[in-house]
Amino acid sequence: MIASAPVRFRSPWTQTIDLRTEARVVWDWLRRPGLAHRVLPAIREHLGAAPASTAYAFTVFVTWWTLRGVGDSVERRLIFSASTNLYNMRHNPVQVLVASAFWTDGGFPWTTIAGFLIVMAYAERWLGTTRWIILFATGHIGATLLTVTGISHAIDRGVIPRVVAVAADVGTSYGFSAVLAALTFRFRGLVRLLWAGTLILTLVAALWIGPTFTDYGHLCACLIGLAVGGLATVVGRWVEKKTAAKPEPAATLTE
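Residues numbered from 1 in each chain as written. Predicted model: local features only at pLDDT ≥ 70, side-chain atom pairs only at ≥ 80, totals over all residues. Heavy atoms only, no water.

Our focus in this paragraph is the layout of surface pockets. Considered as a void within the structure, the largest pocket measures approximately 540 Å³ in volume. Lining the largest pocket are 18 residues, with Glu 22, Ala 23, Val 26, His 46 and Tyr 122 positioned closest to its centre. Of all the secondary-structure elements, those providing two or more residues to the lining of the largest pocket are helix H1 (19–31), helix H2 (35–48) and helix H7 (110–127). Considering each element in turn, the lining of the largest pocket owes the most residues, 7 residues, to H1. The space that makes up the second largest pocket amounts to roughly 250 Å³. (1 Å grid on protein atoms, 1.4 Å probe; cavity = no way out; pocket = protein on both sides within 12 Å on 5 of 7 lines; lining within 4 Å. Points joined across faces, edges and corners; volume = space filled by probe spheres on them. Helix = DSSP H or I, 4+ residues; strand = E, 2+ residues; numbered from the N terminus.)

Using the residue numbers shown here, the UniProt feature "transmembrane region" (unreviewed entry) corresponds to residues 47–67, 96–120, 132–151, 163–183, 190–210 and 216–239. Helix makes up 90% of residues 47–67 and strand 0%. Its end C-alpha atoms lie 26 Å apart. Counted over residues 132–151, helix gives 100% and strand 0%. Its end C-alpha atoms are 28 Å apart. (UniProt positions renumbered as here; feature names shortened; annotations may be inferred.)

The next subject is the packing of helix H8 (residues 129–156) against helix H9 (residues 173–182). At their nearest, the axes of H8 and H9 sit 7 Å apart, and the two run at 120° to each other. With respect to H9, the element H8 is oriented oblique. At the point where H8 passes H9, the crossing takes the right-handed sense. Counting all contacts with H8, which are made through Trp 132, Leu 135, Phe 136, Gly 139, His 140, Ala 143, Thr 144 and Thr 147, the residues of H9 involved are Tyr 174, Gly 175, Phe 176, Ala 178, Val 179 and Ala 182. Of the residues that constitute the contact of H8 with H9, the class distribution is 9 nonpolar, 5 polar and no charged. (Axes fitted to C-alpha atoms, helices over the stretch in contact; angles between N-to-C directions. Parallel < 35°, antiparallel > 145°, perpendicular 65-115°, else oblique. Left-handed = near helix turned anticlockwise from the far one by under 90°. Contact = heavy atoms within 4.5 Å. Nonpolar A, V, L, I, M, F, W, Y, C, P; charged D, E, K, R; others polar.)

Our focus in this paragraph is H7. In this model, H7 (18 residues) spans 25 Å end to end at C-alpha, consistent with the 26 Å of a helix rising 1.5 Å per residue. At Phe 116, H7 shows its maximal bend, which comes to roughly 40°. Among the residues of H7, Thr 112, Ile 113, Gly 115, Phe 116, Met 120, Ala 121, Ala 123, Glu 124, Trp 126 and Leu 127 are the ones counted as buried. Residues of H7 that are buried in the fold lie against H2, helix H3 (51–68), H8 and H9. Following H7 by one or two positions, Gly 128 has its phi on the positive side, about 95°. (Expected span 1.5 Å × (residues − 1). Bend = angle between axes of the 7 residues up to and from the residue. Buried < 20%, exposed > 50% of the residue type's maximum accessible area, 1.4 Å probe, protein only.)

Rendered as structure tokens:
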């Protein structure tokens, strides 16, 4: 028996793509005959490779459906109990940090569900389910803690009214923003700079035009995503370099 050579470590953070090449591949796929017969299998493959994003989208739909079936007073209580406002974070921080990420306030969350099934699923396929969950949770928790800290200081100094301490604050946008920012490191060259620059400028503009504490949280989540992506890319390259530098073991024969 011949001993096999060890498999070299490859970090997903170092596996970048050229956007023009990817667009050309997609265009060629769309132009091939039998598109109607290939769409459903492609969708199944896409969602099947991203179980966390798909399950998340389904959970958001279920929570929206739950709110739709109750009265206004019950809906307000449910949203308040899951909100990561200052009051809840002081009394039930772990519970609301988890619960707030699975509720949405308002009408049917078309954009949220579509975003998970398309953008977040793509990010999960790139990073892997475990890395995607860690990144999303880091953005959601980190941005929430920074936002709540800012609100606490602002209330203490009289900059904002105390009613903000019990404001409704639920949704997936903090984690979503962190993953969007981390997607910067999926691209190469100018596209990487344009992606990061456009995202930051959009969030800064929103904070400048009509500042709210959620706008502040989105910007914090974006910076967290960039920091995590940058650090993970550097570490991934370092590990790949170290493993590549190890000499290949000589093949041996065993009975």
